[in-house]
Amino acid sequence: MSSREIAMESLAMVSCCYDDVHKFFDEPSDLQKSMAPKYITCSTYEVLNKIRGDKRFDGIFRGPGANNVEVLLKTHQELILEHWMAWVPQDANLTEELHAIQRLATTLMATRHNGNQHDFFFDHLLTTTHALRVIIPLVPKKFHGPLLRQWFLLAVAIYIAQLRPKIDAKDIECYNIDGKDWAWVDKLALTHEMAISPHYIKPLRTLKEAAKTWSDEEGFFLRAAVKFIETFDGFGGLG
């Protein structure tokens, strides 16, 4: 945004929010070094689906909420790392890895899990993929893989904290948009009663930019945007 003020605020926030999680990236912990992943996959979908079926996470929390993430990282660190380390991105094709990450985050955000309202934290998980899309072309290639892995650790923690809902991309792929296009999305983004909330507008902008980035020939991101608008009645998952 070419703003010195935003850059200064961002750097200040990074400094204030720097916590123990950095050790997994700056200097891998002894725990991480000593662990051999129980499975290996190049699919982020597969990791989250295995987490969903992992009964060791059952009953940890009574409900979703932001505070769950901190508790998880303190009490179930080894279990989180077991699944996070199983994801081995394909270094030769990190562009497609980013595409897959955006589709995964889109599926989580655009779905009303178990009939609940759209999840507030999955909303932000999606918008952080937009940040990755913007930042990655501007930084040296050696940081691309670590940035994706950092995002995925966040995704794993939030997914567990929000009680591991079912993930099914077909909920979006098969959604009937009845001829609606991005012009319709733009109009509803600006005129909907929630248009005053940046949390409503940001995911729609992210989806539109993702569609531009990946061509979106099958209309996945457009379907997600239409589905989000047509089924939206506020955010939940706050705890």
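Going by the structure above, here's the rest.
Because the structure is a prediction, the values reported are computed rather than measured.

Engineer: What exactly am I supposed to notice about the nonpolar core here?
Structural biologist: Looking at soluble globular proteins, one finds that nonpolar side chains tend to be buried together. L48 and F152 are the most contacted members of the largest nonpolar core, which totals 66 residues. Taken together, the elements giving at least two residues each to this core come down to α3 (44-53), α5 (77-84), α6 (94-110), α7 (120-135), α8 (144-161), α10 (182-191), α11 (198-214) and α12 (220-231). Apart from the residues within four sequence positions on either side, L48 is in contact with L104, L108, F152, V156, Y159 and I167.

Engineer: Explain α11 here, please?
Structural biologist: At 3.6 residues per turn, the α-helix brings residues three or four places apart onto the same side. Taking 1.5 Å as the rise per residue, α11 with 17 residues should run 24 Å; its terminal C-alpha atoms sit 24 Å apart, in good agreement. Here α11 has its buried residues at Y200, P203, L204, T206, L207, E209, A210, A211 and W214. Where the residues of α11 are buried, they touch α6, α7, α10, α12 and β2 (235-236). Just past α11, the residue S215 takes up positive phi, approximately 70°.

Engineer: What is the right way to look at the packing of aromatic side chains in this model?
Structural biologist: Following the criterion strictly, the structure yields 10 aromatic pairs and no others. Plain terms: the ring middles of F120 and F121 are 5.4 Å apart, the flat faces sit at 85° to each other, and that makes the pair edge-to-face. This pair shows no difference in class: F120 is buried, exactly as F121 is. Each member of the aromatic cluster is reached from another via a ring pair, and the members are F120, F121, Y200, F228, F232 and F235. For the cation-ring pair, R149 lies above W84, with the distance from its terminal atom to the ring centre recorded as 4.4 Å. The aromatic ring of W184 is capped on one face by K180, whose charged end is 5.4 Å from the ring centroid.

Engineer: How should I be thinking about unusual backbone geometry in this particular structure?
Structural biologist: Among all residues save glycine, negative phi is the norm, and among peptide bonds the norm is trans. A positive phi angle is found at N114, which is not glycine, with a value near 55°. For N114, a relative accessible area of 74% gives the class exposed. Although it is not a glycine, S215 adopts a positive phi angle of roughly 70°. Checked against the element boundaries, S215 lands in the loop between α11 and α12. Since its relative accessible area comes to 53%, S215 is described here as exposed.

Engineer: Would you take a moment to explain the side chain of T127 for this structure?
Structural biologist: By secondary structure assignment, the location of T127 is in helix α7. Within the local environment of T127, its side chain forms a polar contact with the backbone oxygen of H124, the two atoms lying 3.0 Å apart.

Engineer: Could you clarify how one ought to interpret the pattern of salt bridges in this entry?
Structural biologist: Any two side chains of opposite charge can pair, on the condition that their charged atoms come close. Summed over the entire model, instances satisfying the criterion amount to 12 salt bridges. The partner of R164 in a salt bridge is D58, with the nearest N and O atoms 3.0 Å apart. With R164 in the loop between α8 and α9 (170-173) and D58 in the loop between α3 and α4 (67-75), this residue pair connects regions lying 106 residues apart in the sequence. Judged by relative accessible area, which is 43%, D58 ranks as partly exposed. Note that K212 is salt-bridged to E209, the shortest N-O span being 3.4 Å. With K212 and E209 both in helix α11 and three residues apart, the pair spans about one turn of that helix. K212 sits in the exposed class, given a relative accessible area of 55%. Among the ionic contacts, a cluster of salt bridges with common partners joins K38, D54, R56 and E82.

Engineer: What is the right way to read the packing of α3 against α6 from this model?
Structural biologist: Angle between the axes and distance between the axes are the two parameters that describe a pair of packed helices. Between α3 and α6, whose axes approach to 9 Å, the crossing angle comes to 40°. When the axis of α3 is compared with that of α6, the two are oblique. Within the contact between the two elements, α3 uses T44, Y45 and L48 and α6 uses A100, I101, R103, L104, T107 and L108.

Definitions and cut-offs
- Residues numbered from 1 in each chain as written.
- Predicted model: local features only at pLDDT ≥ 70, side-chain atom pairs only at ≥ 80, totals over all residues.
- Heavy atoms only, no water.
- Core = buried A, V, L, I, M, F, W, Y, C linked by side-chain atoms within 4.5 Å.
- Buried < 20%, exposed > 50% of the residue type's maximum accessible area, 1.4 Å probe, protein only.
- Helix = DSSP H or I, 4+ residues; strand = E, 2+ residues; numbered from the N terminus.
- Contact = heavy atoms within 4.5 Å.
- Expected span 1.5 Å × (residues − 1).
- Phe/Tyr/Trp six-rings, centres within 6.5 Å; stacked < 30°, edge-to-face > 60°.
- Lys NZ or Arg CZ within 6 Å of the ring centre and 35° of its normal.
- Polar contact = N/O pair within 3.5 Å; in protein donor to acceptor, adjacent residues only side chain to side chain.
- Salt bridge = Lys/Arg side-chain N within 4 Å of Asp/Glu carboxyl O.
- Axes fitted to C-alpha atoms, helices over the stretch in contact; angles between N-to-C directions.
- Parallel < 35°, antiparallel > 145°, perpendicular 65-115°, else oblique.

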